[in-house]
Amino acid sequence: MSERTGGRILVDQLLLHGVDRIFCVPGESYLAALDALYDAGVDLVVCRMEAGAADMAEADGKLTGRPGICFVTRGPGATHACVGVHTAMQDSTPMILLVGQVAREHRRREAFQEVDFEAMFAPLAKWAVEVDDVRRLPEVVGRAFAVATSGRPGPVVISLPEDLLEEVADVPDAPAPSGPHQARVVPADAEAARAILAAAERPLVLVGGGLWSTQAADDLRAWAEASRLPVCTSFRRQSYLDNRSDAYIGWAGVGIDPKLAQRIRDCDTLLCLGARLGEATTSGYTILTAPDTGKRLVHVYPDPDELGRVYQPELGVVGSPVGFVAALRALPPLDPARWAAWTEAARVEHLAQLDRQPVPGPLDMGAVVEHLRERLPSDAILTTGAGNFAVWLQRFYRFTEYRTHLAPTSGAMGYGLPAAVAAKARYPDRHVVALCGDGDFLMTGQELATAVRQRANLVVMVVNNGMYGTIRMHQERHYPGRVVGTELVNPDFAAYARSFGAYGEAVERSEDFPAAFGRALDAGVPALLELRVDPEALTPRQSLSQIRAAALGGS
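Before going into details, it helps to say that this report is about the structure given with it. (Residues numbered from 1 in each chain as written. Predicted model: local features only at pLDDT ≥ 70, side-chain atom pairs only at ≥ 80, totals over all residues. Heavy atoms only, no water.)

Focus on the overall build of the protein
Helix and strand counts for the protein come out as 21 helices and 20 strands. Taking 24 Å as the expected radius of gyration for a compact globule of 555 residues, we find that the protein reaches 24 Å, a close match to that expectation. Overall, the protein is about 70 × 60 × 45 Å in size when its C-alpha atoms are taken along their principal axes. Here the protein, with 555 residues, has 59% of them falling under the buried criterion. (Helix = DSSP H or I, 4+ residues; strand = E, 2+ residues; numbered from the N terminus. Rg over C-alpha atoms; globule rule 2.2 N^0.38 Å. Buried < 20%, exposed > 50% of the residue type's maximum accessible area, 1.4 Å probe, protein only.)

Right, dumping it as structure tokens:
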């Protein structure tokens, strides 16, 4: 052993745990750690705001299954990063946020930019801790990785006083990591779940959550198709099952097909694999009544505190859905005689959603997404933030490979562009497309500079309707005609992109989109397409005027 600064000890632990990329906004509170990164061989992605850096780390955690790493400074830096931590918590994504802190001798004086980070992040993270002894850095970092990846994955926040990072100590590294810890799937639980399904007349499988894998997606498809079981995904988990599968019947969440919502209500047996059954997935806890769903519920989830939290299962299984679906696949297929017609009808209803209805204006987002569906390879990664614009992708795109859709179940605006930067950094040879709203995009639009700096040649599509569309939709439903606080004045987005050194172009007609998209893909730099849509085209099912008229007619 030899003496090292706390910053070097910290970075050495990150390397020991396989960290190869860190997202950050630099700050004087962790200069010693930055110095240790100088020759560490890690890809340091320098971002323009901490919210973007945290979103990138969260997206990287989604893509790899390992904790995404983000460094920020104290005070404003950490508070900006809260959005990404909240997303990681609600999305069950492994992530570690490292926060520079005031010197130990200045704590509890409200020193410059001082915040009690243990208290601040307690409700947002799985674990928040401030290190007060440099010799405990290996221990704390090792525990952080274990907490972030074990059970239900999630974010960990480590507060690091700047004098601790500068302090020199002779301390051994932690032992090599043993990997995440998950409850083992007991074969008897899979057999019990199979027996419950075998007695069903109208079964339905709902999959989601943060713990999943490519192998699990393959196992799910093989098992569901062999037993002709209908499968829907939870909110923003559409790529967990190949959408071309005859078993796939849609997604439960914002913009849910009313017919699918009714099928969830009507099913007599529900197998929930990995999803939390939260507010978005259950349409405000209305599709399923609580606590008794009125159906046989089998709920498989890695966190025992979640089982029975809202809905009482007949069979609750603490464990990884990955292991559980593998155990189901190892069992003989079910006899689908009683529910084959039920599954087929649900699939037909889902496919009918792919048929577009005419929408106002010369640029139809349905046509845009149809072109993406035809043009992009199956491994292309699509990212979205939050807003009505995302429903067009959810409804008309077909995700065929696992983790080809990155989106925040937390409903965080501004996520799409940072997530796309992270995806392109992780998979530089794959197409990456971010679909953003105009209000959504400008919350992290400065990260175009990061994309240019990283040579992350992604494509951003900004759907410009001059308003916060989702809020306007709800406004018209509840207070029709009383428009306040939802209109936007936007820049020339194409010119904005060009000012960063990216490619920028505006598109106003559906027939012009394919050629423009081709130019964006071939630009050789990050590209932005501004899609100027009619404000009336608010959703695939209803125009703005129709929403207002329905509200007035019902008043």
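Quick word on unusual backbone geometry
Here the residue pair Ala290 and Pro291 is connected by a cis peptide bond, since its omega of 0° sits within 30 degrees of zero. Mapped onto the elements, Pro291 comes out in the loop between β12 (269-273) and β13 (296-301). Not every positive phi belongs to a glycine, and Arg228 is a case in point at roughly 50°. One can find Arg228 in the loop between α9 (214-227) and β10 (231-233). A residue is classified by how much of its surface remains accessible, and Arg228, at 40% relative accessible area, is partly exposed.

Section: the environment of Pro540
Mapping Pro540 onto the fold places it in the loop between β20 (527-532) and α21 (544-553). Since its relative accessible area comes to 9%, Pro540 is described here as buried. Through-space distance from the C-alpha of Pro540 to that of Met365 is 8.5 Å; in sequence the pair is 175 residues apart. When neighbours within four sequence positions are excluded, Pro540 is seen to be in contact with Val391, Trp392, Arg395 and Phe396. (Contact = heavy atoms within 4.5 Å.)

Details of the sheet that holds strand β2 (residues 21-24)
Spatially, six strands are ordered β3-β2-β4-β5-β7-β6 in an open sheet, and the strand pairing comes out parallel. Each edge of the open sheet carries a strand with a single partner, namely β3 (43-46) and β6 (127-130). Going from strand to strand, the sheet's axes swing by 20° on average, the running direction of each strand aside. Bridge count between strand β4 (residues 68-72) and strand β5 (residues 95-101): five bridges; the pairing is parallel. Each bridged residue has a counterpart across the sheet, and for Phe71 the counterpart in β5 is Leu98. (Pairing = 2+ DSSP bridges. Axes fitted to C-alpha atoms, helices over the stretch in contact; angles between N-to-C directions.)

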